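# Structural description and commentary
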Amino acid sequence: MKKKRSHKRKHSSEVHLGFQIAPMIDVVFVILLFFIVQAGDIQVENSHVTQLPGRVESAEPVELPDEVSIVVEDDGQVYLNEEPMDEPASKNLPQLASTLNGLREAADATKTKVLVTIYANELARYERVVDVLDALTRAQINNVTFQAGAPE
Amino acid sequence: MIDVLLVLLVFFVMITSAEVLKVDKNLTLPVSPNAKKREPEMAKHEMAVNLRYDASTNKGVLVMDDRVYTDWQEVVPILSESKKRDPKLRIVVRGDAAVPAGEIQRAMNLIGEAGIADIAFASSNK
């Protein structure tokens, strides 16, 4: 015995074809969650801005302030005016930053500027140089140059 | 409700896409929490020079605009040409954390040869 099913179906004109908001909210919510999770571990790219030495001509004579030298050795040891600063493993370089901060404050008091030159050894890691730049930024020293390396 | 969700969605899309674009997956930038944020007004004057690290030779691999340069001197005319076009040009040196500092100095020499003095060292915040 066959049942007639046609009578159970709604007539096509009775089907409601309006915009379905509930599934859309679901989808938007999932996309939103995806972006919230993504936003959590964004790496923001920052930068240390400096000037290269010796290439810019100045119209006025420039009075050169006292120079402070920072040497970065191959093993990561940092020297400030030949004085060893912090351990090679110390990433934050607190001793260097506080000494530089003192220098900067003394220079501010006498209305001069601190000029820092970084001498990085050939095989020192670049990361260590950036650590030094970071310490200089903390000490609010902006006049930083690099040793002009001899071209190979 | 849906309005608020859409606004939130647009907000998160904006912040993720704006920051992720520039990160080159082939190099790990050194971490520097105190580095300054990029100046938005300088953004269009910036040009990136990437230095990937090659562990087998302990040297850097210079990449500019997705092109690997084996002869680094080739970069100098390109840089000086860009400098002529845009006098306010700033070169962003994006060096891998493990690259030897000597390689960075070689790159700086090239930038100096091209007559550009304004440079920046890229680093990541974490």
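For the rest of this paragraph, the subject is the sheet that holds strand β1 (residues 45-51) of chain A. Ordered by their spatial adjacency, 6 strands build an open sheet running β1(A)-β5(B)-β4(B)-β1(B)-β2(B)-β3(B), and the pairing between neighbours is mixed. The two strands at the open ends of the sheet, each matched to only one other strand, are β1 of chain A together with β3 (67-69) of chain B. Sheet twist, expressed as the mean angle between neighbouring strand axes with direction ignored, is 30 degrees. As paired elements, strand β4 (residues 90-95) of chain B and strand β5 (residues 118-124) of chain B share 3 bridges and run parallel to each other. Within β5(B), the residue paired with B:Val92 across the bridge is B:Ala120. Each of β1 (46-54), β2 (59-64), β3 and β4 of chain B touches helix α2 (residues 75-85) of chain B; the most contacted strand, β2(B), lies at about 40 degrees to it.

With that settled, the discussion passes to the pairing of β4(B). Consecutive residues of a regular strand have side chains that alternate between opposite faces of the sheet. Residues and elements named next belong to chain B. The buried fraction of β4 is high, at 6 of 6 residues. Inspection of the sheet shows β1 paired to β4 by 6 bridges, in the parallel sense. Among the inter-strand pairings, Ala48 is bridged to a residue of β4, identified as Val92. Tracing the backbone out of β4, into helix α3 (residues 101-113) and back to the parallel element β5 gives a crossover that is right-handed.

It is worth spelling out unusual backbone geometry at this point. Most peptide bonds adopt trans geometry, and most residues besides glycine take a negative phi value. Residues and elements named next belong to chain A. Backbone geometry places Asp86, a non-glycine residue, at a positive phi of 55 degrees. For Asp86, the position within the fold is in the loop between β4 (83-85) and α2 (94-109). Of note, the phi angle at Leu93 is positive, near 50 degrees, even though the residue is not glycine. Here Leu93 lies in the loop between β4 and α2. Look at Leu93 and you get buried, because its relative accessible area is 0%.

Counting residues at the interface gives 49 residues for chain A, matched by 54 residues for chain B. Note on chain A versus chain B: buried area summed over both sides is about 4,600 Å², and carbon and sulfur give 62% of it. By the criterion of area lost to chain B, the three top residues of chain A are A:Glu45, A:Asn46 and A:Tyr126, representing 19% of everything that side buries. Connecting chain A to chain B are 0 salt bridges. Applying the counting criterion to the chain A and chain B interface returns 12 residue pairs in polar contact (both at pLDDT 80 or more). For the side of chain A that touches chain B, the elements supplying multiple residues, two or more each, are α1 (21-40), β1 and α3 (126-138) of chain A.

Calculation criteria
- Residues numbered from 1 in each chain as written.
- Chains lettered and ligands numbered in written order.
- Predicted model: local features only at pLDDT ≥ 70, side-chain atom pairs only at ≥ 80, totals over all residues.
- Heavy atoms only, no water.
- Pairing = 2+ DSSP bridges.
- Helix = DSSP H or I, 4+ residues; strand = E, 2+ residues; numbered from the N terminus.
- Axes fitted to C-alpha atoms, helices over the stretch in contact; angles between N-to-C directions.
- Contact = heavy atoms within 4.5 Å.
- Buried < 20%, exposed > 50% of the residue type's maximum accessible area, 1.4 Å probe, protein only.
- Right-handed = clockwise from strand over helix to strand, strands pointing away.
- Buried area = accessible area lost by both parts, 1.4 Å probe.
- Salt bridge = Lys/Arg side-chain N within 4 Å of Asp/Glu carboxyl O.
- Polar contact = N/O pair within 3.5 Å; in protein donor to acceptor, adjacent residues only side chain to side chain.

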